[in-house]
Amino acid sequence: MSIIQNRKAHHDFFIEERYEAGLVLEGWEIKAIRGGRANIKEAYVIVRGEELFVLGMHITPLASASTHIKADPTRTRKLLLHGKQIARLIGKVERAGFTLVPLDLHWCKGRVKAEIGLAKGKKLYDKRQAEKERDWDREKARMMRQRG
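Computed from a predicted model, the values in this text were never measured in an experiment.

Participant: It is not clear to me how the pairing of strand 2 (residues 13-23) should be interpreted in this structure. Could you clarify?
Facilitator: The sheet contact formed by strand 2 and strand 9 (residues 111-121) spans 9 bridges and is antiparallel. Bridged to Glu20 within strand 9 is Glu115. For strand 2 and strand 7 (residues 77-80), the ladder comprises 2 bridges, and the chain directions are antiparallel. Within the sheet, the bridge partner assigned to Gly22 lies in strand 7 and is Leu80.

Participant: Quick question: what am I supposed to make of the pairing of strand 9 here?
Facilitator: Side chains on a regular strand alternate between the two faces of the sheet. Across 9 bridges, the pairing between strand 8 (residues 99-108) and strand 9 is antiparallel. Bridged to Pro102 within strand 9 is Ile116. As consecutive antiparallel partners, strand 8 and strand 9 are separated by 2 residues, and within that stretch Lys109 has a phi angle of approximately 55°, a positive value.

Participant: How should I be thinking about the pattern of salt bridges in this particular structure?
Facilitator: Between side chains of opposite charge, a pair can form as their charged atoms come close. In total, this model carries 10 salt bridges according to the counting rule given. The closest approach of N and O atoms between Glu29 and Arg75, which form a salt bridge, is 2.9 Å. Placement of the pair is Glu29 in helix 2 (residues 27-34) and Arg75 in the loop between strand 6 (58-59) and strand 7, with a sequence separation of 46 residues. Both residues of the pair, Glu29 and Arg75, count as buried. A salt bridge links Arg77 to Glu29, with the nearest nitrogen and oxygen atoms 2.9 Å apart. Placement of Arg77 in strand 7 and of Glu29 in helix 2 is noted, with a sequence separation of 48 residues between them. Taken individually, Arg77 and Glu29 each receive the classification buried, so the pair is uniform in this respect. In the salt-bridge network here, residues are joined through shared partners; they are Glu17, Arg88 and Lys92.

Criteria and cut-off values
- Residues numbered from 1 in each chain as written.
- Predicted model: local features only at pLDDT ≥ 70, side-chain atom pairs only at ≥ 80, totals over all residues.
- Heavy atoms only, no water.
- Pairing = 2+ DSSP bridges.
- Helix = DSSP H or I, 4+ residues; strand = E, 2+ residues; numbered from the N terminus.
- Salt bridge = Lys/Arg side-chain N within 4 Å of Asp/Glu carboxyl O.
- Buried < 20%, exposed > 50% of the residue type's maximum accessible area, 1.4 Å probe, protein only.

The structure is reproduced here in structure tokens:
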């Protein structure tokens, strides 16, 4: 079940591969995510050493979440993947010029998982072409509705 999706990622990037990664979260963050207070629109994934981290993911704390912990809504959160997957992603990012972007957050067996995508950036003309295709599909659907 999807919690939140990053639609901007599909607009700005060609998604080549997808991976499901676990997230290291605190208790108040889970409560806030259950309340629908997560935002991954501006988030991106970086490599530090042999580990992957999500930066820019904003989780707004609930007012009643915790009294003894100072909540940081944009803290850096660690991603959990198998070692072979991490090594493969690091190789692609460093050598082939790919970028890692979070695509969505979803529940899997009661845990929050992040789907990250190995992506290449779109050029402006690619974005325009995708928009033209979307407009044409809309126009075709409108014409078919009028006929039938």
